[in-house]
Amino acid sequence: MNEEQPPRKNLLGIGLALLLATASFFSGLQMGSADVEEPVTQEASLFSLFRSPEVETADEVNLEDFWRVWNLLEEKYVGNKDGSTLSSEKRIEGAIDGLVASYGDPYTVFMPPQESADFQEEISGNFSGVGMEVGMRDGLITVIAPLPGSPSEKAGVLTGDAIVRINGTSTERMNIDEAVDIIRGEQGTSVSLTVLRAGVNELVEFSIVRDIITIPTIVTKEQDDVFIITLYNFNALAESQMQQALRDFVTSGKKKMIIDVRGNPGGFLQSANAIASYFLPAGKVIVRENFGDGRDEVQYRSQGKTLGDFNPEEIVMLIDGGSASAAEILAGALQEHDVAVLIGETTFGKGSVQELIGLPDGSSLKVTIARWMTPEGKSISDGGLAPDIEIIRTPQDRLDNKDPQLEAALKWMKGERDFPTATSTPAVTE
């Protein structure tokens, strides 16, 4: 096991999915984020991928059938209805897309040149769309979280909604990037979504007008004798805003803290590490990066920037099915080091790392290269993180603006321990 401090790496995206906008913001690919590594230029073309001996393995890959089918199609296919023919480049793109899809990983995706260019535009910081995060769960494209104040939230889209149709087209065979490509669009245009919602017998229909997305980072408030920090994402501003929030906590005189990461789809790995470092002593493992091929894992450790005498006496973290990636990294670290009690629902379970590889013709490959593990070695992708105290917030609770999870956290802070699913004792900072 590698016990040394990890080398600095530029990571991109939370790898959970894409923000459904012309920019994926923290949830797609951005420098320094928790799931996708920096683009790498490969000396290869689409055609060379099928001809180069470098791609042959010890099994000596035989492509005779591929080229036999290629020639048969050229010889026998009747042609398109409009008389046009399919270019060789398009056929190769289709072949590569099928190869990538055969791995069965919704986050490993081939993007042809135009789609790749659109993706790069998404991560550049333009924020026009419906404002929600999606991922793949049980083979269904699922809403991880609508962003606060976004068109999707205003329309009534909820965490956990499974999108079964987009503009009337079934999502059954779509991957995440294909769905995002259809949903995103210009400000003022609309998109229709048909969703399957838990506890509702009929499909729910939405028509959402795309708009500019404004995403908050941190909001704080005080309730009773508790200081509440709502962390919406782990973008580049998250650490500095958390510093200010902790200053406000100290000056408030409060001794107890609730950190709310419900509906937080993640963000920069560096931000998650930095924020965890405010609550963990130096050297404590925050997250492990596991490559699954016998290589030593990489461990990310706390920098020990704790508040010392001003550390919260008790911390509760609120989590739900919309808490993903970097949010799961923070929650897992504070839970397993007995710093925080987790209240709410099992997290989304997005713990894979993608690398974005650019090809000379403008296409790109986004491929899963590693998985995030908690300090104790639990794979975040393996079903997410279970709360210490499970409190369900139903879709109707959300529509009625009821929050039994926050109510449970406040009761915990008052000393109440009579929760049917409580499995832990009060946690204090180390």
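Data block above holds the structure.
Remember, predicted model here, so these are calculated numbers, not experimental data.

**Some remarks on the overall build of the protein**
Here comes step 1: A tally of helices and strands in the protein yields eleven helices and 21 strands.
Here comes step 2: Relative to its 430 residues, the protein shows a buried fraction of 52%.
Here comes step 3: Here the contacts in the protein between residues at least 6 apart in sequence split such that 69% fall between residues at least 24 apart.
Here comes step 4: With an accessible surface of roughly 19400 Å², the protein has 49% of that area assigned to carbon and sulfur atoms.

**Some thoughts on the pattern of salt bridges**
Here comes step 1: Enumeration over the complete set of coordinates arrives at 16 salt bridges.
Here comes step 2: For Glu75, the salt bridge is made with Lys76, and the minimal N-O distance between the two is 3.9 Å. Side by side, Glu75 and Lys76 carry an identical accessibility label, which is exposed.
Here comes step 3: In this structure, Arg288 and Glu297 form a salt bridge, with 2.5 Å as the shortest nitrogen-oxygen distance.
Here comes step 4: On the basis of relative accessible area, Arg288 is assigned to the buried category, the value being 15%.
Here comes step 5: On the basis of relative accessible area, Glu297 is assigned to the buried category, the value being 7%.
Here comes step 6: Shared partners join several salt bridges into a network, and the residues in it are Lys256, Glu314 and Arg417.

**Brief notes about unusual backbone geometry**
Here comes step 1: Phi at Asn167 takes a positive value of approximately 50 degrees, unusual for a residue other than glycine.
Here comes step 2: Mapped onto the secondary structure, Asn167 falls in the loop between strand E7 (162–166) and strand E8 (169–170).
Here comes step 3: Accessibility expressed as a relative area gives 41% for Asn167, which makes it partly exposed.
Here comes step 4: In this structure, Asp338 is a non-glycine residue whose phi angle is positive, near 55 degrees.

**Description of the pairing of strand E10 (residues 204–209)**
Here comes step 1: In E10, alternate side chains face the same way, and those of Val204, Phe206 and Ile208 are buried while those of Glu205, Ser207 and Val209 on the opposite face are not.
Here comes step 2: Of the pairings in the sheet, the one linking strand E9 (residues 190–196) to E10 comprises six bridges and is antiparallel in character. Each residue of the ladder has a partner; that of Leu193, found in E10, is Phe206.

**With respect to helix H8 (residues 269–277)**
Here comes step 1: Summarising burial for H8: eight of the nine residues are buried, a large majority.
Here comes step 2: Of all the residues in H8, the buried ones are Leu269, Ser271, Ala272, Asn273, Ala274, Ile275, Ala276 and Ser277.

**Some thoughts on the environment of Leu246**
Here comes step 1: Its place among the elements puts Leu246 in helix H7 (residues 238–252).
Here comes step 2: When its relative accessible area of 3% is taken as the criterion, Leu246 is described as buried.
Here comes step 3: Placed 66 residues apart in sequence, Leu246 and Pro312 show a C-alpha to C-alpha distance of 9.9 Å.
Here comes step 4: Not counting residues up to four positions away in its chain, the partners in contact with Leu246 are Ile229, Met257, Tyr278, Phe279 and Leu307.

**Thoughts on the side chain of Ser152**
Here comes step 1: Position of Ser152 relative to the elements: it lies in helix H5 (residues 151–155).
Here comes step 2: Of the residues examined, Ser152 reaches a relative accessible area of 0% and is grouped as buried.
Here comes step 3: Ignoring anything within four residues of it in the chain, the contact list for Ser152 reads Val130, Gly131, Met132, Pro146, Leu147, Val157 and Ile208.

**Remarks on the environment of Lys305**
Here comes step 1: On the secondary structure map, Lys305 appears in the loop between strand E16 (298–301) and strand E17 (314–319).
Here comes step 2: Taking relative accessible area as the criterion, Lys305 reaches 25% and is therefore assigned partly exposed.
Here comes step 3: Sequence-wise, Lys305 and Tyr278 are 27 residues apart; in three dimensions their C-alpha atoms are separated by 4.7 Å.
Here comes step 4: Those residues in contact with Lys305 that lie beyond four places of it in its chain are Glu239, Ala274, Ser277 and Tyr278.
Here comes step 5: Within polar-contact distance, the side chain of Lys305 engages the side chain of Glu239 at 2.8 Å.

Rules behind the numbers
Residues numbered from 1 in each chain as written. Predicted model: local features only at pLDDT ≥ 70, side-chain atom pairs only at ≥ 80, totals over all residues. Heavy atoms only, no water. Helix = DSSP H or I, 4+ residues; strand = E, 2+ residues; numbered from the N terminus. Buried < 20%, exposed > 50% of the residue type's maximum accessible area, 1.4 Å probe, protein only. Contact = heavy atoms within 4.5 Å. Areas by Shrake-Rupley, 256 points an atom, 1.4 Å probe, with all protein chains shown as cover. Salt bridge = Lys/Arg side-chain N within 4 Å of Asp/Glu carboxyl O. Pairing = 2+ DSSP bridges. Polar contact = N/O pair within 3.5 Å; in protein donor to acceptor, adjacent residues only side chain to side chain.

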